[in-house]
Amino acid sequence: MAEPSTAEERLGDYRAKRDFATTPEPQGGAALPGARRFVVQRHRARALHYDFRLEVDGVLVSWAVPKGPTLDPKVRRLAVHVEDHPIDYIDFEGVIPGGEYGGGDVIVWDKGTWTPGEADPAAAIAAGELHAELHGTKLAGTFVLVRTKGAGRGSRGGGKEQWLLLHKRDDFAVAGWDPEEHPESVRSGRTNDEVAAAPRARWHSDAPADAAEERLGADPPTADELVALDALGAKGTWAFDGVEVRLTNLDKVLFPAGDDGVPVTKRDLVRYFAVMAPAMLPYLVGRPVNQHRYPQGVDRRGFWHKERPAHAPDWLSRWHNDDADPGETEWYVVADRPAALAWLANYAAVELHPWTSTCAQPREPTWAMIDIDPGTSSTFDDVLVLARLYRTALDHLGVVGLPKVTGQRGVQIWVPVRAGYTFDDTRGWVERLSRAVGATVPELVSWKWHKADRDGLARLDYTQNAINRTLVAPYIARPAPGAPVSMPITWDELDDPDLRPDRWNLRTAPARLAELGDLFAPLLAVDQELPDL
Ligand code: MN
């Protein structure tokens, strides 16, 4: 196998097998400075094998080992040199859909760092012999990879090099060691069977590598992980969700005390985002997220932040806006795992506003958004009158949608729509609906653009139905004392005399979620046509 020089060139075979659409996005993440990483994934595709992958020059150089690596120095294992994989694949655990290349289930069987025995590992691989000292959970000590048989001519996509993998007789050698006796993932503790039965991620090998992983639900932190978070000092590293999240200024007060008299610290926000991740993530996964940040606390001025910072960790997903105008943000954060929410909380990204469209189709909204925005003289009763009128109108039209209180003064109604609508479609539809609603209570509503011209009346704001215009996501905290949150409610709760727009906060929301589940969840499965108005 010839040795291409750059990571981009090295991924040529990976891409060739996966038929990427032409795209300027990088199809592999940047290498971390410092330690080289390795992963061994137990992969049940057409046949069981272990994928032995070493980070070299920004890619994962890979061998498929049918019987798996062993610490037994007497055993030599066949290792078929397969195409380099993108770094983004290093943490992947889940399923690859049947029919796609490598279809089957994958666990992170072992991972850690490695030290090459040769000064230039890429050259050593090209020359056919590599020494790798592994520092993993299961695998340790020096492994040797030796090429025994070249791929022959015309090998691209056809014949593959055969190598042998063996363990040196060193302090880490163990006679009779069998990888099949150690079947659990070092990432989740789960076996291939358990991952196949309830996968938490899917890998789409036909997508660019940095967008290939689709997360399928999430786990909240374990009791031990929460104890570890509380045990950290003002800063430290939190092992959570299979990665290490660096946390800082954990005891900083971000929200003044609310009615319970207890201020809310950054540690509280990190814990809240992590605990609520299973409910929050479905509204964030696969979308760029605009952040309203309050590093000095919410009683100081916050600011909008969109750019994914250069210091963000490698595992934090990102999306490139190909349509960005000069000076506009190009790289956005995509919050697609619990650890990403913990990272954003630590970044004092108090409010997360996901796009209403997805990274895959940024010009096609998946939600039509109704925003009842109270004016200075609107009461919450006025807001409820308007929300009930929308309830009646949507019911009459047979359109599915649900309200949430904003955590501030208003109510929003989220209406899921099928793929293929433009923002002009959703904005026009919400405007026509809102004009009809507003016409029945003209004394409550102003259509004036400028706040000052509205005589304190409410605005039925349809203009957020536009690209890169956003509303706060469900369960997100708002910048006010006590950290009130934007909470999904049932239509019937509009008639609950105890309803307040800021009724739930960071300390009370988890109990409500545990009791009622995510009320918006049914909307996620709705593929809805908007009726003509
Ligand atoms: Mn494989």
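That block above? That's the structure.
Values in this document were obtained by computation on a predicted structure and should not be read as measured data.

Visitor: I would appreciate a short explanation of the pairing of strand 2 (residues 48-56) in the present structure.
Guide: Side chains on a regular strand alternate between the two faces of the sheet. Counting buried positions along strand 2 yields eight of nine residues, so the element is predominantly enclosed. Summarising the sheet, strand 1 (residues 36-44) and strand 2 pair through seven bridges and their orientation is antiparallel. Its bridge partner being in strand 2, Phe38 is matched across the sheet by Leu54. If you look at the hairpin formed by strand 1 and strand 2, you'll find three residues sitting between the two strands.

Visitor: Even after reading the chapter, I still don't get the packing of aromatic side chains, so can you show me in this structure?
Guide: Geometrically, a pair of aromatic rings is defined through the distance of the ring centres and the angle of the planes. One pass over the structure, following the stated rule, counts 19 aromatic pairs. Seen in terms of ring centroids, Tyr272 and Phe273 are 6.4 Å apart; in terms of plane orientation they differ by 50°. Their pairing is tilted. Here Phe273 falls in the buried class, since its relative accessible area comes to 0%. Every member of this aromatic cluster is reached through a ring pair, and the members are Tyr283, Trp367, Trp414 and Phe520. In this structure, Arg318 is placed above the aromatic ring of Trp331, and the distance from its NZ or CZ to the ring centre is 4.7 Å. A cation over an aromatic ring shows up here: Arg435 above the ring of Trp447, its NZ or CZ 4.3 Å from the ring centre.

Visitor: It is not clear to me how the packing of helix 8 (residues 380-397) against helix 9 (residues 423-440) should be interpreted in this structure. Could you clarify?
Guide: To characterise two packed helices, one gives the angle between the axes of the helices and the distance between these axes. Running from N to C, helix 8 and helix 9 point in directions that differ by 120°, and their axes come no closer than 10 Å. By the angle between their axes, helix 8 is oblique relative to helix 9. The element helix 8 and its partner helix 9 pack so that their crossing is right-handed. Packed against helix 8, whose contacting residues are Leu386, Leu389, Tyr390, Ala393, Leu394 and Leu397, the element helix 9 presents Trp429, Leu433, Ser434, Val437 and Thr440 at the interface. Of the residues assigned to the contact of helix 8 with helix 9, the class counts are nine nonpolar, two polar and no charged.

Visitor: How do you make sense of the pairing of strand 6 (residues 104-116) when you look at a structure like this?
Guide: The pairing of strand 1 with strand 6 spans nine bridges and is classified as antiparallel. Residue pairing in the sheet places Arg36 in a bridge with Trp114 of strand 6. As defined by bridge partners, strand 6 adjoins strand 7 (residues 129-136) across five bridges and the pair is classed as antiparallel. For Pro116, the partnering residue across the bridge sits in strand 7 and is Ala132.

Visitor: Please clarify how the pattern of salt bridges should be interpreted in this entry.
Guide: Should their charged atoms come close, side chains of opposite charge can pair. A complete count under the given rule lists 24 salt bridges for this structure. The salt bridge partner of Glu55 is Arg37, with a shortest N-O separation of 3.0 Å. Placement of Glu55 in strand 2 and of Arg37 in strand 1 is noted, with a sequence separation of 18 residues between them. The pair Glu55 / Arg37 is uniform in exposure class, with both members buried. Across the pair Asp496 and Arg503 runs a salt bridge, and its minimum N-O distance is 3.3 Å.

Visitor: For this particular structure, what's the right way to read the sheet that holds strand 22 (residues 402-405)?
Guide: Hydrogen bonds between backbone atoms are what pair the strands of a sheet, whose relative direction is either parallel or antiparallel. Reading across from one edge, 24-21-23-22-25 is the order of the five strands in this open sheet, with antiparallel pairing throughout. Looking at strand neighbours, the two that pair on one side only are strand 24 (459-461) and strand 25 (487-488), the edges of this open sheet. Bridging between strand 21 (residues 367-373) and strand 23 (residues 411-416) involves six bridges; their strand directions are antiparallel. What sits directly across from Asp371, in strand 23, is Gln412. Its contacts with the sheet place helix 9 against strand 21 and strand 24, and it is angled at close to 35° to strand 21.

Visitor: Can you help me understand the sheet that holds strand 17 (residues 303-305) in this one?
Guide: In spatial order, the strands read 17-16-20; together these three strands make up an open sheet with antiparallel pairing. Sheet topology places strand 17 and strand 20 (349-354) at the edges, where each strand pairs with a single neighbour. Across the sheet, the mean angle from the axis of one strand to that of its neighbour is 30°, orientation sign disregarded. For strand 16 (residues 289-293) and strand 20, the ladder comprises five bridges, and the chain directions are antiparallel. When the sheet's bridge partners are listed, Asn290 is paired in strand 20 with His353.

Criteria and cut-off values
- Residues numbered from 1 in each chain as written.
- Predicted model: local features only at pLDDT ≥ 70, side-chain atom pairs only at ≥ 80, totals over all residues.
- Heavy atoms only, no water.
- Buried < 20%, exposed > 50% of the residue type's maximum accessible area, 1.4 Å probe, protein only.
- Helix = DSSP H or I, 4+ residues; strand = E, 2+ residues; numbered from the N terminus.
- Pairing = 2+ DSSP bridges.
- Phe/Tyr/Trp six-rings, centres within 6.5 Å; stacked < 30°, edge-to-face > 60°.
- Lys NZ or Arg CZ within 6 Å of the ring centre and 35° of its normal.
- Axes fitted to C-alpha atoms, helices over the stretch in contact; angles between N-to-C directions.
- Parallel < 35°, antiparallel > 145°, perpendicular 65-115°, else oblique.
- Left-handed = near helix turned anticlockwise from the far one by under 90°.
- Contact = heavy atoms within 4.5 Å.
- Nonpolar A, V, L, I, M, F, W, Y, C, P; charged D, E, K, R; others polar.
- Salt bridge = Lys/Arg side-chain N within 4 Å of Asp/Glu carboxyl O.

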